[in-house]
Amino acid sequence: MSTRTPSRTGPFGRTAEPSAAAFTDLLAAEWIKMRSLRSTYWVLALSAVAAIAINVNGVHSDLPYIDQSHPQVPGEPPYTYDPLFHGLSGIAAAVMTLAAAAFGAITVFGEYATGMIRTTFAAVPDRRAVITAKVVMVAAITLLLGVLVSVTSFFTVNAMLSSRHVGLSIHDPGCLRAVVAYAAVVPVCALIGMAFGAVLRHATASIVAVVGLLFLMPLLFGGDRYRFLKEIGNHLPLAAQARLALNPDSYTSLGAYPGTVTGSWVALAGWALVAVITAVTVVRRRDV
């Protein structure tokens, strides 16, 4: 009597054991699609180089002024140079997050615009598996770029600042947190771009929506007059990252109703989770 377990056929005509292998094939297919578009990795590579250059140039420009005396502002602590604020700048973060969000969006709406999505779903009817593979690849690629920019910027600028005796170590309070948050916000924004691409399926509309969320909404929720508006602003992606990048040993004004470290981590995780759920749900249920 045979004890062999009956095999089941997976989406690629293989047996049940390849359910894992089938998803590996999906990841490989998504990698080929992303790699075949030279514009995507050129944009990501150039944005990473630009972000690092912005951070390094900003600190290099500060070097002649660090040792100069600064006038005391009445009622405020003495001025101290903050290597985290200047070395992991918001401008560089904006460059990287915008490029990552555009990359995430184009991985979805690009297939709809060219009609390739029909071929993809004909080969793999499991839409959830397809979009999940996209999510994994986009998150992995942009996380790698975020880590590259964050780690390179931190160690380069602090090596430069060591000559002025204000450089920081990764073991100093708040530094590891700042580096991790600076890297993590990049894949978070890439996933947000994917969600917009899945919902809107249009290049211009997706990019405008990303710019509105990342850069225009903070202007609406950045004031200190109304607490509930400020609380919303504190939990937007770039605001949450900026809160996590604060140096606890330096004076930085947070204004009224500042965000918390825990709340900022929860905000970044929440944005990523909502973006993934939105992308998977929309692709799975629309045009069935």
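Residues numbered from 1 in each chain as written. Predicted model: local features only at pLDDT ≥ 70, side-chain atom pairs only at ≥ 80, totals over all residues. Heavy atoms only, no water.

A.B. asks: Explain the overall build of the chain to me, please; I cannot follow it from the model alone.
C.D. replies: Along its length, the chain carries eleven helices and zero strands. Along the chain, helices and strands appear, N-terminal first, in the series α-α-α-α-α-α-α-α-α-α-α. Expressed as a percentage of its 288 residues, the buried residues of the chain come to 42%. (Helix = DSSP H or I, 4+ residues; strand = E, 2+ residues; numbered from the N terminus. Buried < 20%, exposed > 50% of the residue type's maximum accessible area, 1.4 Å probe, protein only.)

A.B. asks: Help me understand the pattern of salt bridges in this model?
C.D. replies: Close approach of charged atoms allows side chains of opposite charge to pair. Scanning all chains against the criterion turns up five salt bridges. With a closest N to O distance of 2.2 Å, lysine 134 and glutamate 111 form a salt bridge. Within this pair, whereas lysine 134 is found in helix H6 (residues 127-161), its partner glutamate 111 is found in helix H4 (residues 90-114), the two being separated by 23 residues in sequence. Of the two residues, lysine 134 and glutamate 111, both sit in the buried class. If you follow the salt bridges from partner to partner, you end up with Glu30, Lys33, Glu111 and Lys134 in one network. (Salt bridge = Lys/Arg side-chain N within 4 Å of Asp/Glu carboxyl O.)

A.B. asks: Would you mind showing me how to read empty space enclosed by the protein here?
C.D. replies: Vacant regions in the atomic arrangement are exposed by a probe of water-molecule size rolled over the atoms. Applying the stated criterion across every chain yields a total of two cavities of 30 Å³ or more. Estimated volume of the largest cavity: approximately 50 Å³. As for the largest cavity, its lining consists of Thr107, Val108, Glu111, Tyr112, Ile117, Phe121, Val130, Ile131, Lys134 and Val283. Breaking the lining of the largest cavity down by element, the ones donating at least two residues are H4, helix H5 (116-123) and H6. Among the elements that make up the lining of the largest cavity, the one with the highest residue count is H4 (four residues). (1 Å grid on protein atoms, 1.4 Å probe; cavity = no way out; pocket = protein on both sides within 12 Å on 5 of 7 lines; lining within 4 Å. Points joined across faces, edges and corners; volume = space filled by probe spheres on them.)

A.B. asks: Sorry, what's going on with helix H11 (residues 261-285) here?
C.D. replies: Note on helix geometry: an α-helix contains 3.6 residues per turn, so any two residues three or four positions apart are oriented the same way. Over its 25 residues, H11 extends 36 Å from the first C-alpha to the last, a length consistent with the 36 Å expected when each residue adds 1.5 Å. Burial in H11 covers these residues: Gly263, Ser264, Ala267, Leu268, Ala272, Ala275, Ala279, Val280, Val282 and Val283. Contact partners of the buried residues in H11: H4, H5, H6, helix H7 (175-200) and helix H10 (237-244). The backbone nitrogen of glycine 263 has a side-chain oxygen 2.9 Å away, supplied by the residue at the start of H11, namely threonine 260. (Expected span 1.5 Å × (residues − 1). Contact = heavy atoms within 4.5 Å. Polar contact = N/O pair within 3.5 Å; in protein donor to acceptor, adjacent residues only side chain to side chain.)

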